[in-house]
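Secondary and tertiary structure notes
Residue strings, one per chain:
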Amino acid sequence: ETGVTQTPRHLVMGMTNKKSLKCEQHLGHNAMYWYKQSAKKPLELMFVYNFKEQTENNSVPSRFSPECPNSSHLFLHLHTLQPEDSALYLCASANLAGVTDTQYFGPGTRLTVL
Amino acid sequence: GNSVTQMEGPVTLSEEAFLTINCTYTATGYPSLFWYVQYPGEGLQLLLKATKADDKGSNKGFEATYRKETTSFHLEKGSVQVSDSAVYFCALLSTGNQFYFGTGTSLTVIP
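Rules used throughout
- Residues numbered from 1 in each chain as written.
- Chains lettered and ligands numbered in written order.
- Predicted model: local features only at pLDDT ≥ 70, side-chain atom pairs only at ≥ 80, totals over all residues.
- Heavy atoms only, no water.
- Pairing = 2+ DSSP bridges.
- Helix = DSSP H or I, 4+ residues; strand = E, 2+ residues; numbered from the N terminus.
- Axes fitted to C-alpha atoms, helices over the stretch in contact; angles between N-to-C directions.
- Phe/Tyr/Trp six-rings, centres within 6.5 Å; stacked < 30°, edge-to-face > 60°.
- Buried < 20%, exposed > 50% of the residue type's maximum accessible area, 1.4 Å probe, protein only.
- Disulfide = S-S within 2.5 Å.

**Quick notes on the sheet that holds strand β7 (residues 64-70) of chain A**
All names here are of chain A.
- The 4 strands lie next to each other as β1-β3-β8-β7, forming an open sheet whose pairing is antiparallel. If you trace the sheet from one side to the other, it starts and ends with β1 (4-7) and β7, each paired once. Each adjacent strand pair in this sheet contributes to an overall mean axis angle of 20°, direction not counted.
- Of the pairings in the sheet, the one linking β1 to strand β3 (residues 18-25) comprises 4 bridges and is antiparallel in character. Its bridge partner being in β3, Thr-5 is matched across the sheet by Glu-24.

This is the structure in structure tokens:
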């Protein structure tokens, strides 16, 4: 399934920069997610949007700011990040209305904070 | 609460060996269960799923059976290939529409 795209695929930024990650899904899903994947750590759920409404924020620092302008697009705005924020950021979408709900993931953005 | 526990890795096997990756879960109600695979440099891809007890999910030679009595969803493959080298994640979708993932098991298959 290749219905979830993420840009950029790789991003290097300094601690004072402001950048945004973009996710787009072409599957007609109604829920979108941001995950952080760090080496040797479990997948961390960051934010959940259901029908464009944020339904979950797992104690994520305010230097990460999500935006969901419509059900197909999801952004993660980044500012004043720390080196420990370097990770693979994964976007996913799902249709939380049927019996066989499944999450579909994008390829991720590999973020390096210098 | 809901949670997923899967066997620690890394797992290293020779080509054509039998693979089992254990996964057990804790959940209220009747969750759906999934196995995802992540190849190097990529996101997670759905490998297989099962939505009710005794269902068997299968794909690309991999199988897993939803066992409610043992709260397990072990992943198996009869003969692994080098191309199966990846990280495998067990996951559940709770009746409250929340996804829970295991920590992942790294598999390396050597020729």
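**Considering the packing of aromatic side chains**
- Under the criterion given, the structure shown has 12 aromatic pairs over all chains.
- With 5.8 Å between their ring centres and 85° between their planes, Tyr-33 of chain A and Phe-99 of chain B make a pair best called edge-to-face. Placement of Tyr-33 of chain A in strand β4 (residues 31-37) and of Phe-99 of chain B in strand β11 (residues 99-101) is noted, with the two residues assigned to different chains. Pair check on accessibility: Tyr-33 of chain A and Phe-99 of chain B agree, each one buried.
- Both rings, one in Tyr-35 of chain A and one in Phe-105 of chain A, keep their centres 5.6 Å apart while their planes meet at 40°; by these two values the pair is tilted. Taken together, the residues span a long stretch of sequence, with Tyr-35 of chain A in strand β4 and Phe-105 of chain A in strand β10 (residues 104-105) at a distance of 70 residues. Of the two residues examined, Tyr-35 of chain A and Phe-105 of chain A, each falls in the buried class.
- Joined through ring pairs, the aromatic side chains of Tyr-33, Tyr-35 and Phe-105 of chain A together with Phe-34, Tyr-36, Phe-99 and Phe-101 of chain B make up one cluster.

**As for the state of the cysteines**
- The final tally for this structure, using the stated rule, is 2 disulfides over all chains.
- Across the disulfide from Cys-23 of chain A sits Cys-91 of chain A; the S-S distance is 1.9 Å. One disulfide, between Cys-23 of chain A and Cys-91 of chain A, carries an S-S torsion of -75° and so falls in the left-handed class. You can see Cys-23 of chain A sitting in strand β3 and its partner Cys-91 of chain A sitting in strand β9 (residues 87-94), a full 68 residues away along the chain.
- For Cys-23 of chain A, a relative accessible area of 0% gives the class buried.
- Relative accessible area serves as the criterion here: at 0%, Cys-91 of chain A is assigned to the buried category.
- Here Cys-23 of chain B pairs with Cys-90 of chain B through a disulfide, and the sulfurs are 1.9 Å apart.

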